[in-house]
Amino acid sequence: MNDDAPDWTFKERDTVILRELAADPQRSSRELTQILAEKHDIDVSHVTISETIRRMREEGVFREAIVPNEEYYTFALFEFKFDPEHFADEWHDAMVHIRDDPHTLFYFLSDGEYQWKSVMMFESTQAQSKWIHEFYKDHGKVVSNLRNSAVHNVLKFRTDPELFERLDETE
């Protein structure tokens, strides 16, 4: 377990709030109060709901991000393969560069041959090419290959409310 893991014990009310917010993230605490009462037979004030959402957000139970419509940016999946000879001396600076770069939307570690992956967004394909060129100039010793794929025709980008149904049962 990492140090950033939320320290949260789910109540039924919490999972219902998450499910309802996943269905419509713009719902107000007053709307949620009414939905919880009518659909789930949970009687709670809008102040309690608002406080619960605030505490869950602060604890990191869920994250919020503004993701622009793909019509405004070019999205790409970047996969980084390492050069083991220079990894020990160079990995940290390269990792921080990718993680903190404003183009990085989502950055994660994975298994396999390409162990770092990121979803990045650029103003144009030219800006993307320039980023790759500059990255290789600055961090090329640690990366033996950078594979990038265009992301287009996004068909789904949301969390299904059903995913939260059993969170209060996991312990």
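- The name given to the protein in an unreviewed UniProt entry is Winged helix-turn-helix domain-containing protein, and the organism recorded there is Halogeometricum borinquense.

1. Observations concerning the pattern of salt bridges
Right, so step 1: Under the defined criterion, the tally for this structure stands at 13 salt bridges.
Right, so step 2: Note that Glu113 is salt-bridged to Lys81, the shortest N-O span being 2.5 Å. Residue Glu113 is found in the loop between strand 2 (104-109) and strand 3 (116-122), and its partner Lys81 is found in strand 1 (residues 74-82); the two are separated by 32 residues along the sequence.
Right, so step 3: We classify Glu113 as exposed; its relative accessible area is 53%.
Right, so step 4: With a closest N to O distance of 2.6 Å, Asp160 and Lys156 form a salt bridge.
Right, so step 5: Taken together, the shared-partner salt bridges in this structure form one network comprising Glu20, Arg27 and Lys39.

2. Observations concerning the sheet that holds strand 1
Right, so step 1: If you trace the four strands from one edge of the open sheet to the other, you get 2-3-1-4, paired in antiparallel fashion. Taken across any chain shown, the strands that pair with only one partner, and hence form the sheet edges, are strand 2 and strand 4 (143-151). Within this sheet the neighbouring strands show an average axis-to-axis angle of 20°, counted without direction.
Right, so step 2: Here strand 1 runs beside strand 4; their pairing, made up of eight bridges, is antiparallel. Note on strand 4: the bridge partner recorded for Phe78 is Asn148.
Right, so step 3: Contacts from helix 5 (residues 125-139) reach strand 1, strand 3 and strand 4 within the one sheet, and its direction differs from that of strand 4 by about 165°.

3. With respect to helix 5
Right, so step 1: Its 15 residues place the ends of helix 5 21 Å apart at the C-alpha level, agreeing with the 21 Å of an ideal helix rising 1.5 Å per residue.
Right, so step 2: Where helix 5 is concerned, the buried positions are Gln128, Trp131, Ile132, Phe135 and His139. Buried residues of helix 5 fall within an arc of 100° about the axis and therefore sit on the same side. Summarising the geometry of helix 5, the exposed residues directed more than 90 degrees from the buried face are Gln126, Lys130 and Lys137.
Right, so step 3: Contacts from the buried residues of helix 5 go to strand 1, helix 4 (84-100), strand 3 and strand 4.

4. A few points about helix 4
Right, so step 1: Between its first and last C-alpha atoms helix 4 spans 23 Å; for 17 residues at 1.5 Å apiece the expected length is 24 Å, and the two agree.
Right, so step 2: At Glu90, helix 4 shows its largest kink, close to 70°.
Right, so step 3: Residues Ala94, Met95 and Ile98 constitute the buried set of helix 4.
Right, so step 4: On its buried side, helix 4 packs onto strand 1, strand 2, strand 3 and helix 5.

5. Here we look at the pairing of strand 3
Right, so step 1: Counting buried residues along strand 3, seven of its seven residues qualify, which places the element largely inside the surrounding structure.
Right, so step 2: The side-chain alternation of strand 3 yields two buried faces, one formed by Trp116, Ser118, Met120 and Phe122 and the other by Lys117, Val119 and Met121.
Right, so step 3: With seven bridges connecting them, strand 1 and strand 3 associate as antiparallel partners. Residue pairing for strand 3: Phe75 is matched across the bridge by Met121.
Right, so step 4: Where strand 2 meets strand 3, five bridges bridge the pair, whose relative direction is antiparallel. Along strand 3, the bridge assignment pairs Phe108 with Lys117.

6. Topic: a nonpolar patch on the surface
Right, so step 1: On the surface, Val67, Leu105, Phe106, Val151, Val154 and Phe157 cluster together into a nonpolar patch covering about 500 Å² of accessible area.
Right, so step 2: Checked against the element boundaries, Val151 lands in strand 4.
Right, so step 3: Looking at Val151, the relative accessible area reads 34%, which means it is partly exposed.

Rules used throughout
Residues numbered from 1 in each chain as written. Predicted model: local features only at pLDDT ≥ 70, side-chain atom pairs only at ≥ 80, totals over all residues. Heavy atoms only, no water. Salt bridge = Lys/Arg side-chain N within 4 Å of Asp/Glu carboxyl O. Helix = DSSP H or I, 4+ residues; strand = E, 2+ residues; numbered from the N terminus. Buried < 20%, exposed > 50% of the residue type's maximum accessible area, 1.4 Å probe, protein only. Pairing = 2+ DSSP bridges. Axes fitted to C-alpha atoms, helices over the stretch in contact; angles between N-to-C directions. Contact = heavy atoms within 4.5 Å. Expected span 1.5 Å × (residues − 1). Arc of directions from axis to C-beta. Bend = angle between axes of the 7 residues up to and from the residue. Patch = residues over 30% accessible without salt bridge, like charges linked within 9 Å, V, L, I, M, F, W, Y side chains within 5 Å. Areas by Shrake-Rupley, 256 points an atom, 1.4 Å probe, with all protein chains shown as cover.

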